[in-house]
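Coordinate inspection notes
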Amino acid sequence: MNRAHLSLYLGAALVTAASFATSSHRGDVKFPESGGLTVVYRNARIYTNDPAHPLADAIVVRGEEILGVISNADAEKWAGKATIVDLRGAFVMPGFNDAHVHLGGAGADLLNVALNGLPSISEMQQRIWAAAAERKPGEWIIGKGWDHTLWPEKKFPTRQQMDAAAPRNPVFLRH
């Protein structure tokens, strides 16, 4: 079973789902014994991301987990066991709950030295020193996120402070 983290956008409502079985266009979804509110969203056009069954009628959700994608006929079996929501033909698709990230920049940030929230210049120097220890002489150290207003002296870092932390590597830091 292929699973991915996703969210379901249901018009103005958002149901967060921790997993989604892309190959589950079936009616054999079992009612959970426990685990929170179970909701069946029915009468929808649900994009499943499964080439064999690209659209479904209904989806069963418990808490943040999608239990399965089912037909409208199978959704009727959940009456009395779950909250039934009629989507009246609305389109439902998997989506990512994202606070606006540019993928290339986010990937580059993972390769950089994270300097966010550091309480002092000495903490920043320690991070730069650790990065220098992992690199060959002459390799760039790139960092991002420092905030001098958090430091007791509230001064920008100097070239001399960075040279002391990484004497054999060039350092480029963004505020």
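Note that this is a predicted model, so its numbers are computed, not measured.

Let's shift gears to the nonpolar core. Of all hydrophobic cores here, the largest spans 15 residues; its most connected members are Leu115, Met124, Ile128, Ile141 and Leu173. Among the elements of the structure, helix 3 (121-133) and helix 4 (159-165) are those that each provide at least two residues to this core. Among the elements that line this core, the one with the most residues is helix 3, at five residues. Apart from the residues within four sequence positions on either side, leucine 173 is in contact with Leu115, Met124, Ile128, Gly143, Trp146 and Met162. If you look at the next biggest cluster of nonpolar residues, it comprises 11 residues, including Val39, Val61, Val69 and Val92.

A separate point is a nonpolar patch on the surface. On the surface, a cluster of nonpolar side chains totalling about 360 Å² of accessible area is made up of Tyr47, Leu55, Phe91 and Met93. Following the sequence through the fold, methionine 93 ends up in strand 9 (residues 91-95).

Another point: the sheet that holds strand 10 (residues 113-114). Read across the open sheet, the three strands follow the order 10-11-12; overall the sheet is parallel. Sheet topology places strand 10 and strand 12 (171-174) at the edges, where each strand pairs with a single neighbour. As paired elements, strand 10 and strand 11 (residues 141-144) share two bridges and run parallel to each other. Of the residues in strand 11, the one forming a bridge with alanine 114 is lysine 144.

Locating asparagine 112 in the fold gives a position in the loop between helix 2 (103-111) and strand 10. The residues contacting asparagine 112, other than those within four sequence positions of it, are Ile142, Gly143 and Arg174.

The next thing to look at is unusual backbone geometry. Of note, the phi angle at asparagine 49 is positive, near 65°, even though the residue is not glycine. Looking at the secondary structure, you find asparagine 49 in the loop between strand 4 (45-47) and strand 5 (55-56). In this structure asparagine 49 comes out as partly exposed when scored by relative accessible area, which is 47%. For lysine 154, which is not a glycine, the phi torsion comes out positive at approximately 55°. Tracing the backbone shows lysine 154 in the loop between strand 11 and helix 4.

Side chains that differ in charge, positive against negative, can pair when their charged atoms come close. One pass over the structure, following the stated rule, counts six salt bridges. A salt bridge links lysine 144 to aspartate 109, with the nearest nitrogen and oxygen atoms 3.2 Å apart. Note that lysine 144 is positioned in strand 11 and aspartate 109 in helix 2, a separation of 35 residues in sequence. Note that arginine 174 is salt-bridged to aspartate 109, the shortest N-O span being 3.7 Å. Placement of arginine 174 in strand 12 and of aspartate 109 in helix 2 is noted, with a sequence separation of 65 residues between them.

Taken as a whole and assessed by the stated rule, the structure comprises two aromatic pairs. Note on tryptophan 146 and tryptophan 151: the rings are 5.9 Å apart at their centroids and 20° apart in plane angle, and the pair reads as stacked. The burial state of tryptophan 146 is the same as that of tryptophan 151; both residues are buried.

So, how was this worked out
- Residues numbered from 1 in each chain as written.
- Predicted model: local features only at pLDDT ≥ 70, side-chain atom pairs only at ≥ 80, totals over all residues.
- Heavy atoms only, no water.
- Core = buried A, V, L, I, M, F, W, Y, C linked by side-chain atoms within 4.5 Å.
- Buried < 20%, exposed > 50% of the residue type's maximum accessible area, 1.4 Å probe, protein only.
- Helix = DSSP H or I, 4+ residues; strand = E, 2+ residues; numbered from the N terminus.
- Contact = heavy atoms within 4.5 Å.
- Patch = residues over 30% accessible without salt bridge, like charges linked within 9 Å, V, L, I, M, F, W, Y side chains within 5 Å.
- Areas by Shrake-Rupley, 256 points an atom, 1.4 Å probe, with all protein chains shown as cover.
- Salt bridge = Lys/Arg side-chain N within 4 Å of Asp/Glu carboxyl O.
- Pairing = 2+ DSSP bridges.
- Phe/Tyr/Trp six-rings, centres within 6.5 Å; stacked < 30°, edge-to-face > 60°.

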